[in-house]
Amino acid sequence: MTVLQIAGAVMRVRPRWYCHPRSEYATLVDEHAKGDDDPKLFHMIDHIPDTDERRTHWESVYELNQVDGVSWYQQAPLVTLELVDILGVEKDAGVIDVGGGASILVDYLLSRGFTDLTVLDISTSALRVSRERVGPDAHVTWVAHNLLTWEPAHPYDLWHDRAVFHFLLPHEIKVYQDLVRRSVAPGGSVIMATFAPDGPEWCSGLPVTRYNAAQLGGILGDEFTVVVQRKEVHTTPSGALQPFTWIAASRNLA
Ligand SMILES: C[S@@+](CC[C@H](N)C(=O)[O-])C[C@H]1O[C@@H](n2cnc3c(N)ncnc32)[C@H](O)[C@@H]1O
């Protein structure tokens with residue numbers, strides 16, 4: 001709540017957070033410059049915030065919006081489930097959804113019989129939504145932490161990242177690469193999804209980097225083999241179309 005009040009003091013938030021092209025950003029900024037003080041204008045950040053700013057940003061996103069109203073909302077995580085099947089991930093595999101937010105993926109994996117699930121997110125509000133949805137008895141480990149400063153206690157069999165990596169700055173990519181190598185067991189798998197080269201340039205008021213499948217494979221490096229790639233056009237709750245790049249990769253056995 002305190003976070004919200006702090007955020008409320010510094011942020012003017014459009015009812016729905018969404019991802020959009022820069023041209024729309026320019027229009028909004030121009031309106032603002034003209035003195036249009038429309039409260040619908042939402043706060044834009046032209047840099048990736050540091051940890052505290054980042055946490056405050058994402059907390060306010062989840063505090064101020066319905067989870068089924070944010071642009072990245074999915075009714076069903078169909079591409080992820082398809083890739084999990086292709087990779088042949090076992091039900092007792094250790095699975096971590098990084099930046100999982102309030103995603104319904106954990107519900108689907110539980111209903112498919114997965115028994116070792118971890119959801120990590122910088123926003124406690126997002127995790128609270130998911131935890132209340134699946135119930136207190138669900139076998140899920142909830143980790144409220146900045147991915148970039150987190151240390152895995154043990155390696156996982158599947159690392160899942162939908163729409164988180166694309167927020168990272170160049171100097172943070174190395175941190176992420178090292179983290180993936182420490183977090184994914186030999187023989188384990190990675191599923192990553194980012195905005196595609198023809199996707200939005202901003203999301204939730206933050207700039208993103210867009211990637212094709214070869215670039216994502218390059219991020220994982222030689223220790224991983226890309227098994228499959230997908231192009232998906234996600235439809236947001238407001239009906240906008242957002243092209244995503246997906247890859248599923250396996251970590252080579254040592
Ligand atoms: C666009 S949302 C995607 C959420 C979820 N993966 C999904 O597909 O519905 C990005 C998520 O990443 C989280 N996030 C952003 N930066 C993070 C960081 N440095 N560490 C952990 N989580 C982060 C946000 O809180 C948010 O839940």
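Rules and cut-offs
- Residues numbered from 1 in each chain as written.
- Predicted model: local features only at pLDDT ≥ 70, side-chain atom pairs only at ≥ 80, totals over all residues.
- Pairing = 2+ DSSP bridges.
- Helix = DSSP H or I, 4+ residues; strand = E, 2+ residues; numbered from the N terminus.
- Axes fitted to C-alpha atoms, helices over the stretch in contact; angles between N-to-C directions.
- Contact = placed C-beta atoms within 7 Å.
- Near = placed C-beta within 6 Å.
- Nonpolar A, V, L, I, M, F, W, Y, C, P; charged D, E, K, R; others polar.
- Parallel < 35°, antiparallel > 145°, perpendicular 65-115°, else oblique.
- Buried ≥ 20, exposed ≤ 12 C-beta atoms within 10 Å, placed from the backbone.
- pLDDT = per-residue confidence, 0-100.
- Core = buried A, V, L, I, M, F, W, Y, C linked by C-beta atoms within 7 Å.

Engineer: What am I meant to see in the sheet that holds strand E9 (residues 224–235) here?
Structural biologist: Hydrogen bonds between backbone groups are what pair the strands of a sheet, and the pairing can be parallel or antiparallel. Within the open sheet, the seven strands sit side by side as E4-E3-E2-E5-E6-E10-E9. Their pairing is mixed. Here the strands that pair on one side only, and so sit at the sheet edges, are strand E4 (140–144) and E9. Along the sheet, successive strands turn relative to each other by an average axial angle of 15 degrees, direction set aside. Summarising the sheet, E9 and strand E10 (residues 241–251) pair through 11 bridges and their orientation is antiparallel. Paired with Val233 across the strands is Pro243, a residue of E10. Docked against the sheet, helix H6 (residues 124–134) engages strand E3 (116–121) and E4, running at close to 165 degrees with respect to E4. The strands touched by helix H8 (residues 213–220) within the sheet are strand E6 (184–195), E9 and E10, with E10 carrying the most contacts at an inclination of about 40 degrees.

Engineer: What's the story with the site of the ligand in this structure? I'm lost.
Structural biologist: Around the ligand, the surrounding shell holds 19 residues, and the nearest of these are Trp58, Gly99, Gly101, Ser103 and Leu147. For the shell around the ligand, a count of residues per class yields 10 nonpolar, six polar and three charged.

Engineer: Mind showing me how you'd approach the packing of helix H3 (residues 51–64) against H6 here?
Structural biologist: The relative placement of two packed helices comes down to the angle between their axes together with the axis-to-axis distance. Look at H3 against H6: their axes get within 7 Å of each other, and the N-to-C directions meet at 40 degrees. In terms of orientation, H3 and H6 fall into the oblique class. Of the residues in H6, those touching H3 at Glu59, Tyr62 and Glu63 are Ser125, Ala126 and Val129. Considering only residue class, the contact of H3 with H6 consists of three nonpolar, one polar and two charged.

Engineer: So what exactly am I meant to see when it comes to the pairing of E10 here?
Structural biologist: On a regular strand, one side chain projects to one face of the sheet and the next to the other, so that they alternate. For E10, a buried count of eight out of 11 residues is recorded, marking the element as mostly surrounded by other parts of the structure. Two elements, E6 and E10, share seven bridges in a ladder whose sense is antiparallel. When the sheet's bridge partners are listed, Met192 is paired in E10 with Ile247. A loop of five residues connects E9 with E10, the two strands running antiparallel in sequence, and Gly239 in this loop sits at a positive phi of about 95 degrees.

Engineer: How do you make sense of the confidence of the model for the chain when you look at a structure like this?
Structural biologist: In low-pLDDT regions, the fine details of the predicted coordinates are not to be read closely. Model confidence for the chain is summarised by a mean pLDDT of 85, while 80% of its residues fall at 70 or above. Every residue in residues 1–18 is under pLDDT 50, and counting partners more than four places away or in other chains gives 34 contacts. In this model, residues 20–47 is a region of pLDDT below 50 whose contacts with residues beyond four sequence positions or in other chains number 30 contacts.

Engineer: Is there a simple way to explain the environment of Leu127 in this structure?
Structural biologist: Along the polypeptide, Leu127 turns up in helix H6. Along the chain, Leu127 and Gly100 lie 27 residues apart, while their C-alpha atoms are 8.1 Å from each other. Sequence-distant contacts of Leu127, that is, excluding residues within four places in its chain, are made with Val119, Asp121, Trp142 and Ala144.

Engineer: I keep staring at the nonpolar core and nothing clicks. Help me out?
Structural biologist: Soluble globular proteins tend to pack their nonpolar side chains together in the buried interior. If you look at the biggest cluster of nonpolar residues, it comprises 54 residues, and the most contacted ones within it are Val95, Leu117, Leu158, Trp159, Val190, Met192 and Leu220. Among the elements that line this core, the one with the most residues is E6, at six residues. Apart from the residues within four sequence positions on either side, Met192 is in contact with Asp161, Phe165, Leu216 and Ile247.

Engineer: Honestly, H6 in this entry has me stumped. Any pointers?
Structural biologist: What H6 keeps buried is the set Ser125, Ala126, Leu127 and Ser130. Its buried side turned inward, H6 meets H3, helix H5 (105–111), E3 and E4. Of the residues flanking the end of H6, it is Gly135, one or two places downstream, whose phi is positive at about 95 degrees.

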